[in-house]
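Here is what each chain is made of, one letter per residue.
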Amino acid sequence: MIPNREWIRQWVEKRPGLSSQVDLERYFTQLRIAGNSIEVARIGMCSVPSGELLVRDPIRYLSNREELPYFVTSPVGIYPLEVAFTRTEDGDILYLAVRLRFNYRPAVHFEQALTGEEEIESFDGGFYGFFSESGLGCICDELSHQAFCAFVEKWRQEHPDGRLYSDYFGPLFEQSRISSPEIQNEGGSFLNWTVPGTSYRIPMFQTGWGEGQYPVYWGQDEEGRVCQLVVWFVDLEEGENPEEAFDIRTNLSVLEPVQEGWKGRVRLRDWEGFFEAEDSYPLLVCSDVKSEEEAEIACEKLLTQQYAALDVMMTALLDRYPIMQLEYGHTMADNAPEMPNVLDKNDFSALLYPKRIVFNPNQNTIAAAFSCTWDTENGFAAIVRGETLVEMGNETLVPEWQTEQKSEPDQEQEESELTE
C-alpha cells in the first residue's frame, strides 16, 4: 500500500526523528552490552514472496485480513531470522531483539517501519511499533498473512470451541523447545512454522518482556539499501561500559607461530549463524608480525569483515552454481540430492561447511575452504578481497599449512655449530 501524498510529505518532515539513536547492529555482533553477555542464534527461515512485510502478534492480530504491511518493501526470497538473547541470573532466556537478514551487509542506519496509516502529523518522538497481547510476535509477508488468515478461519470452523494457542500453537511451541532447549524457556520461545498446505514459513517468537508495544526498524546499509528488519525488545544500552563491549580473545584461540605466519582457531559468529552450528574454524594469519598480540590485532579486520566475506562467497556461488551442476554431471531436472537446485544463497548452509580459513591482513584477503556435498574429495573454496570475489574453485585454493613452529635464527645457528 502506498500512503497518500500528504502523509508522505509529513513523513519526510518527521523522518529524522524516526531513526533509531541506538546502533541495533551491535546486539547481533558484540559479545557484551552493558555488562550483559549476548548470544545470537538462528531460529528459522521466513518466506518473503512479495516483499510486503508486517510484524504482528500471531495469536491476537495476525488473523485480521485488514492488517496492513509496511509501505517500504524488502527483497523477495527466503531469509534467516536471528535472535539476540541474554541469560538472566535465574537461568531464563531473555530475547533482546530479532532480525530478518536479507543479505550479510551490516546495517549502519535504522529507521522505523511504518504502514502509512500512523498519525504522523502528531509524532513528537518515541516509536509506533506493534502491540503484543499474547507475548508473541512474528514477521510475515503479506501473502503469508492472507494464507494464515485462511488457515485460522478454517481451523475455527472445524474447532468452534477451540483456543488457537492452547489447542494448536502451544503444543508446537513445546515441541520446538524440546528440539532446541538450550535457547528456549519452558513452554517454548520460538516456532519455525509453515502455513499448512503452503510453502510459506512464518517464524514466531517470544517478545522480550511479554505483553507490550515494541518498535520495528528497517536496517539500511552504507548505500541506503534495506538489508534487514529488526524487532527490538529490550534496551541494554544505558550504562554500558565501552571497555567491556569487545574482546577479540573471546573469538580467537591461542595463536602459534608457524612457517607461513600464525595458526590458531577463530569463531566467526555470523558464519555460525549461517551454518546453524557454534564452532571454531582452523585459522592461518599470513603475517610476519613478531608477537601473538600483533597477530590478534591484525585479526580484528577479519572479524569485522566476516559477514561481508561470507555474503560475497555465497552470492558468487549462487551465480556460478547452475554451471557447476553441469560440470559435475547434473542437470536442474535431476535435482540430485548431493547437488540439488538452489534458489536462495542461504540454502547453501545445508550443502557445505567451513574447513579452514586463511587471512592475509596485508592483502586484505579472506580465503576459506569448505567441505561440500557435491565433491566430498576436493571440496569448495573461495577467496575474497573486501567485497570482491578474487577466485573460486576446489579447496586446493586454500592449501593446508605447515604445523611445525618457526625456529629462532639463533637457535638454528647454534644447532648447526654443534653438528660441525
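Residues numbered from 1 in each chain as written. Predicted model: local features only at pLDDT ≥ 70, side-chain atom pairs only at ≥ 80, totals over all residues. Heavy atoms only, no water.

Q: Where do I start with the overall build of the chain in this structure?
A: A count of helices and strands for the chain gives seven helices and 21 strands. Computed over its C-alpha atoms, the radius of gyration of the chain comes to 24 Å, within 12% of the 22 Å expected for a compact globule of 420 residues. Principal axes of the C-alpha set define a box for the chain whose edges measure 95 × 55 × 45 Å. A total of 420 residues make up the chain; the buried ones form 52% of that total. (Helix = DSSP H or I, 4+ residues; strand = E, 2+ residues; numbered from the N terminus. Rg over C-alpha atoms; globule rule 2.2 N^0.38 Å. Buried < 20%, exposed > 50% of the residue type's maximum accessible area, 1.4 Å probe, protein only.)

Q: Can you help me understand the sheet that holds strand S19 (residues 365-372) in this one?
A: Backbone-to-backbone hydrogen bonds join strands into a sheet, with any given pair of strands oriented parallel or antiparallel. One open sheet accounts for seven strands, arranged S15-S16-S17-S18-S19-S20-S21; its pairing is mixed. Each edge of the sheet is formed by a strand with only one pairing partner; in this case those strands are strand S15 (256-258) and strand S21 (388-393). Going from strand to strand, the sheet's axes swing by 25 degrees on average, the running direction of each strand aside. Of the strand pairs in this sheet, S19 and strand S20 (residues 380-385) are connected by six bridges, and their pairing is antiparallel. Paired with Ala368 across the two strands is Ala382, which belongs to S20. (Pairing = 2+ DSSP bridges. Axes fitted to C-alpha atoms, helices over the stretch in contact; angles between N-to-C directions.)

Q: Quick question: what am I supposed to make of the packing of helix H3 (residues 142-158) against helix H4 (residues 164-179) here?
A: Any two packed helices are characterised by the angle at which their axes cross and by the distance between the axes. Orientation of H3 relative to H4, taken along the N-to-C sense of each, is 125 degrees, at an axis distance of 12 Å. Between H3 and H4, the angle is such that the two are oblique. Here H3 and H4 pass one another in a crossing that is right-handed. Side by side, H3 and H4 meet where Phe148, Phe151, Val152, Trp155 and Arg156 of the first sit next to Leu164, Asp167, Tyr168 and Phe169 of the second. Residues that form the contact of H3 with H4 fall into these classes: seven nonpolar, no polar and two charged. (Parallel < 35°, antiparallel > 145°, perpendicular 65-115°, else oblique. Left-handed = near helix turned anticlockwise from the far one by under 90°. Contact = heavy atoms within 4.5 Å. Nonpolar A, V, L, I, M, F, W, Y, C, P; charged D, E, K, R; others polar.)

Bear in mind that shape data such as this cannot, by itself, settle questions of function.
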